[in-house]
Amino acid sequence: AFLEEGLLVRARGRSRHRYLRSCSLPWDVASLLPTNLLHPSPLARANRCLRAPRLREAFERWETRTGHPNAFRVGKLLLYLLLAIHWHSCLYYALSAHLGLGTDPWVCPNASRPLRRYLHSFYISTLVLATVGDTPVPGRQEELLFFTLGFLLAVLGFATVTGSISSVITNLLAADAIFYPDPAPAKRYLRAQGAGKGLARKVAAWHRHLRAERKLPSELQVLKFLPRSLMAEVVAEVHLPALARVGIFQGWQEGVLRQLVLRLRPQVFGPGELVCRRGDVGREMFFIREGRLAVLAEDGITQLAVLGQGLYFGEISLIHIKGNTSGNRRTANILSLGYSDLFCLSKEDLTEVLTEFPSARSALEAKGRQLLLAMGKLDLQAEAREVAAQEEAERWLRELEVALEGLQMRAARLVAQLEANGLRMALRVQRLEA
């Protein structure tokens with residue numbers, strides 16, 4: 001298979017034709033030639049190294065497809081390191097065999113078992129390439145030259161490996177900084193302002209909770225470079241099941257939920273935090289994704305109810321319900337009992353979505369009216385007066401529309417008469433000129 005305009009083509013005929021015309025074919029054929037039949041030396045199989053570009057291509061594809069790219073990069077570096085030590089140990093054993101096994105303390109001992117000789121060679125190469133030292137003292141020129149080149153390669157190679165591992169760690173920390181807020185600026189600010197240690201511990205505990213529970217408060221910043229349709233698909237895949245469990249949205253069209261899910265902002269509240277305060281102007285409504293919240297009485301202590309997963313609150317102050325005596329003010333205190341994971345929807349976003357879907361607006365107003373009736377916050381007489389005033393305004397609006405249509409018809413007739421008179425006048429002028 002191959003990629004064409006970003007799409008994977010699996011047609012065998014097209015793949016075969018493309019491969020036969022590619023520049024990779026001669027190198028692949030050369031790497032498969034049975035050159036080991038010409039000479040028994042391992043060097044005769046050196047043409048297998050011509051497939052190294054294929055290995056690099058495979059590594060790149062694995063790295064883009066794996067879910068743990070940083071761990072894959074570290075594993076790839078370790079593989080390169082082990083391969084370099086193995087090759088160096090082979091060269092060391094070849095030089096030892098050329099000089100004579102066991103002839104001096106530097107060369108490989110002439111052990112009876114091949115595994116023992118290989119492990120000794122691997123151990124010496126590890127000491128050299130890791131620049132640990134404690135190696136046998138070379139006595140011959142070949143031995144001095146081999147160790148000198150080995151140490152030089154070790155300095156360059158391990159500097160590259162160390163730099164690569166440090167870049168992996170830096171990228172990992174940068175990725176965490178994108179997903180999770182950095183607690184250091186908040187700590188420095190509290191320390192500079194002389195805040196108490198209890199508040200600093202509370203802020204640190206909130207940051208720890210985000211990382212421990214893998215909460216992502218800035219997920220839209222991560223997805224902002226995606227096209228809007230693809231972003232909507234990603235966010236819907238992640239949050240739509242949780243949003244569909246909210247009681248108010250059950251039975252709504254999927255199109256409405258997809259519009260809402262793009263406007264939701266995740267928020268995490270800690271233990272003892274007030275999400276809503278009675279009497280404040282409501283600008284947001286909340287949907288409980290996880291956690292428990294208590295509805296407090298006016299004294300701020302008595303718990304009237306406990307809200308759990310799938311419930312919502314704050315919608316009454318965002319939508320206009322006829323006869324609502326509280327207006328756009330919060331009707332209760334909402335306290336987070338533990339760490340609560342909420343979805344936040346602003347008034348502007350809710351109004352925009354409900355304007356596009358009138359049926360959803362009607363359902364939301366009906367549920368809000370039922371809640372106000374249960375709380376005793378709905379004035380039926382004021383509702384009746386407002387309904388009557390709205391009907392009267394609609395009647396006047398219809399009459400104005402009828403009157404406007406009549407005026408438009410009269411204006412159109414006058415314009416037509418004016419154009420006809422102008423045409424007759426022009427004809428009379430032409431006759432007079434003639």
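For the structure, see preceding data.
Position numbers for residues count from 1 along each chain, tracking the sequence in the order it is written. The predicted nature of this model means local features are confined to residues of pLDDT at least 70 and side-chain atom pairs, given and counted, to a pLDDT of 80 or more, with totals for whole chains, interfaces and linings taken over all residues. Each side-chain value is worked out from all heavy atoms of the structure, with water and hydrogens disregarded.

A. Representation of the sheet that holds strand β5 (residues 284-290). One open sheet accounts for four strands, arranged β3-β10-β5-β8; its pairing is antiparallel. Across the chains shown, the open sheet's two edge strands, defined by having one partner strand only, are β3 (265-269) and β8 (312-313). Pairing geometry for β5 and strand β10 (residues 340-346), over six bridges, is antiparallel. When the sheet's bridge partners are listed, phenylalanine 286 is paired in β10 with cysteine 344. Strand pairing is defined by DSSP finding a minimum of two bridges between the two strands. Secondary structure elements follow DSSP: runs of H or I no shorter than four residues count as helices, runs of E no shorter than two count as strands, and numbering proceeds from the N terminus.

B. Main features of the pattern of salt bridges. Should a side-chain nitrogen of Lys or Arg be within 4 Å of a carboxyl oxygen of Asp or Glu, the pair is scored as a salt bridge. Here the structure, examined in full by the defined rule, presents ten salt bridges. We note a salt bridge from glutamate 57 to arginine 54, for which the minimum N-O separation is 3.4 Å. Of the two residues, glutamate 57 and arginine 54 are both situated in helix α3 (residues 52-65); the distance of three residues between them amounts to about one turn of the helix. Here glutamate 392 ties to arginine 395 by a salt bridge, and the two come within 2.3 Å at their closest N and O atoms. With a gap of three residues between them, glutamate 392 and arginine 395 both fall in helix α14 (residues 380-433), about one helical turn apart. Only protein chains enter the accessibility calculation, which uses a 1.4 Å probe; a residue is then buried when its area is under 20% of its type maximum, exposed when over 50%, and partly exposed in between. Owing to a relative accessible area of 35%, glutamate 392 belongs among the partly exposed residues under this scheme. The exposure class assigned to arginine 395 is partly exposed, which follows from its relative accessible area of 31%. Ionic contacts of the salt-bridge type, sharing partners, join the residues Asp28, Arg54, Glu57 and Arg61 into one network.

C. Main features of the pairing of strand β6 (residues 293-296). Side chains of β6 alternate between two faces, with Leu293 and Val295 and Ala294 and Leu296 buried alike. As paired strands, β6 and strand β7 (residues 303-307) are joined by four bridges and run antiparallel to one another. Its bridge partner being in β7, valine 295 is matched across the sheet by alanine 305. A loop of six residues connects β6 with β7, the two strands running antiparallel in sequence, and glycine 300 in this loop sits at a positive phi of about 80 degrees.

D. Representation of the sheet that holds strand β4 (residues 274-276) within the structure. The sheet built from four strands is open, its strands ordered β4-β9-β6-β7 with antiparallel pairing. Taken across any chain shown, the strands that pair with only one partner, and hence form the sheet edges, are β4 and β7. Neighbour-to-neighbour, the strand axes of the sheet open up by a mean angle of 30 degrees, direction not taken into account. To get an axis, a line is fitted to the C-alpha atoms, and for a helix only the part in contact is used. The angle between two axes follows their N-to-C directions and goes from 0 to 180 degrees.

E. Geometry of the packing of helix α7 (residues 183-192) against helix α8 (residues 197-212). For the pair α7 and α8, interaxial distance at closest approach is 10 Å and the crossing angle is 175 degrees. Judged on the interaxial angle alone, α8 and α7 are roughly antiparallel. When α7 is examined against α8, the residues Pro183, Ala186, Lys187 and Leu190 are found in contact with a partner set consisting of Leu199, Ala200, Val203, Ala204 and His207. For this classification, Asp, Glu, Lys and Arg are treated as charged, while Ala, Val, Leu, Ile, Met, Phe, Trp, Tyr, Cys and Pro are nonpolar and the rest, including Gly, are polar. Taken together, the residues of the contact of α7 with α8 sort by class into seven nonpolar, one polar and one charged. Every angle not falling under 35 degrees, over 145, or within 65 to 115 is termed oblique; those three ranges are roughly parallel, roughly antiparallel and roughly perpendicular. In this analysis, two residues are considered to be in contact whenever any of their non-hydrogen atoms come within 4.5 Å of each other.

F. Looking closely at the packing of aromatic side chains. Any two of the Phe, Tyr and Trp rings considered here, Trp counted by its six-membered ring, make a pair once their centres fall within 6.5 Å; the pair's planes then place it as stacked at under 30 degrees, edge-to-face at over 60, or tilted in between. Applying the stated criterion across every chain, the model contains eleven aromatic pairs. Seen from their ring centres, tryptophan 106 and phenylalanine 146 are 6.1 Å apart, and the 85 degrees between their planes marks the pair as edge-to-face. Of the two residues, tryptophan 106 is situated in the loop between α4 (69-99) and α5 (114-129) and phenylalanine 146 in helix α6 (residues 141-179); the sequence distance between them amounts to 40 residues. The residues tryptophan 106 and phenylalanine 146 share a single accessibility class, namely buried. When the centroid spacing of 5.9 Å and the interplanar angle of 70 degrees are considered together, the rings of phenylalanine 147 and phenylalanine 151 count as edge-to-face. Of this pair, phenylalanine 147 and phenylalanine 151 both sit in helix α6, four residues apart, which is roughly one turn of that helix. In this structure phenylalanine 151 comes out as partly exposed when scored by relative accessible area, which is 29%. Among the aromatic residues, ring-to-ring pairing joins Tyr92, Trp106, Phe146, Phe147 and Phe151 into one connected group.

G. Region of the structure containing the environment of aspartate 134. Here aspartate 134 shows up in the loop between α5 and α6. Among the residues examined, aspartate 134 registers a relative accessible area of 70% and is labelled exposed. C-alpha separation for the pair aspartate 134 and isoleucine 124, spaced ten residues apart in sequence, amounts to 9.3 Å.

H. Fine view of a positive patch on the surface. Each patch is built from residues that are more than 30% exposed by relative accessible area and take part in no salt bridge. Like charges join if they lie within 9 Å; nonpolar side chains (Val, Leu, Ile, Met, Phe, Trp, Tyr) join within 5 Å. Surface accessibility follows the Shrake-Rupley procedure with a 1.4 Å probe radius. Residue values consider only the protein chains on display as shielding. Two residue types count as positive, namely Lys and Arg, and two as negative, namely Asp and Glu; His and chain ends fall outside the count. By convention, charge coordinates are those of NZ in Lys, CZ in Arg, CG in Asp, or CD in Glu. Together, Lys187, Arg188, Arg191 and Arg208 give the surface a local cluster of positive charge. Ranked by the residues each element gives to the positive patch, the list is headed by α7, at three residues. Relative to the assigned elements, lysine 187 resides in helix α7. A residue is classified by how much of its surface remains accessible, and lysine 187, at 37% relative accessible area, is partly exposed.

I. Molecular detail of the environment of leucine 119. Mapped onto the elements, leucine 119 comes out in helix α5. Classification of leucine 119 as partly exposed rests on a relative accessible area of 48%. Between the alpha carbons of leucine 119 and cysteine 108 there is a distance of 10.0 Å; along the sequence they are eleven residues apart.

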